[in-house]
Amino acid sequence: MRIEDMIMNKFTCSRCGHTECKVKEVAMSGTGLSKVFDIEHNHYLFVSCTHCGIVEVYDPDVLRGHKSGKLGTVMDILFGG
Ligand SMILES: [Zn+2]
């Protein structure tokens, strides 16, 4: 299962409790936002609540780095199961 699908399945908005979201993978170069956060490269997952529009950003490398059996647990922690 793709990480994006897993996030969509598990998503619960931390602000409004809505359970639908959009997931967009964004590549960052060494300018703009990434400069602000002192990040040189990488891809990030921008997860937007389709109800209130809040955006949360995740590092897919970190999420994918968990063994498949643990990934569900991580998602449960992020989104409260
Ligand atoms: Zn929301």
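Quick look at the structure, then.

The rules we used
Residues numbered from 1 in each chain as written. Predicted model: local features only at pLDDT ≥ 70, side-chain atom pairs only at ≥ 80, totals over all residues. Heavy atoms only, no water. Donors = N, O, S within 2.8 Å, 3.2 Å for Na, K, Ca; no water. Tetrahedral: all angles 85-135°; square planar, octahedral: opposite > 155°, others 65-115°. Buried < 20%, exposed > 50% of the residue type's maximum accessible area, 1.4 Å probe, protein only. Core = buried A, V, L, I, M, F, W, Y, C linked by side-chain atoms within 4.5 Å. Helix = DSSP H or I, 4+ residues; strand = E, 2+ residues; numbered from the N terminus. Contact = heavy atoms within 4.5 Å. Pairing = 2+ DSSP bridges. Axes fitted to C-alpha atoms, helices over the stretch in contact; angles between N-to-C directions.

Points about the coordination of the zinc ion
1) Next: For the zinc ion, the full set of protein donor atoms is Cys 13 (SG), Cys 16 (SG), Cys 49 (SG) and Cys 52 (SG), and the range of their distances to it is 2.3 Å.
2) Next: Around the zinc ion, the four donor atoms are arranged such that angles at the metal cover 105 to 117°; this shape is classified as tetrahedral.
3) Next: Within one chain, the residues serving as donors to the zinc ion are arranged as C-x2-C-x32-C-x2-C.
4) Next: Among the residues examined, Cys 13 registers a relative accessible area of 5% and is labelled buried.

Side note on the nonpolar core
1) Next: With 15 residues, the main nonpolar core has Ile 7, Phe 11, Val 47, Tyr 58, Leu 63, Met 75 and Phe 79 as its most contacted residues.
2) Next: For this core, the secondary-structure elements that each account for two or more residues are helix 1 (3–10), strand 2 (43–49) and helix 4 (68–79).
3) Next: Apart from the residues within four sequence positions on either side, Phe 11 is in contact with His 18, Thr 19, Glu 20, Cys 21, Val 47, Cys 49 and Phe 79.

Structural notes on the sheet that holds strand 1 (residues 21–27)
1) Next: Here three strands make up an open sheet; going across it, the order is 1-2-3 and the pairing antiparallel. Whereas interior strands pair on both sides, the edge strands pair on one side only; in this sheet they are strand 1 and strand 3 (55–58). Taken over all neighbouring pairs, the strand axes of this sheet differ in orientation by 25° on average, direction set aside.
2) Next: Bridge count between strand 2 and strand 3: four bridges; the pairing is antiparallel.

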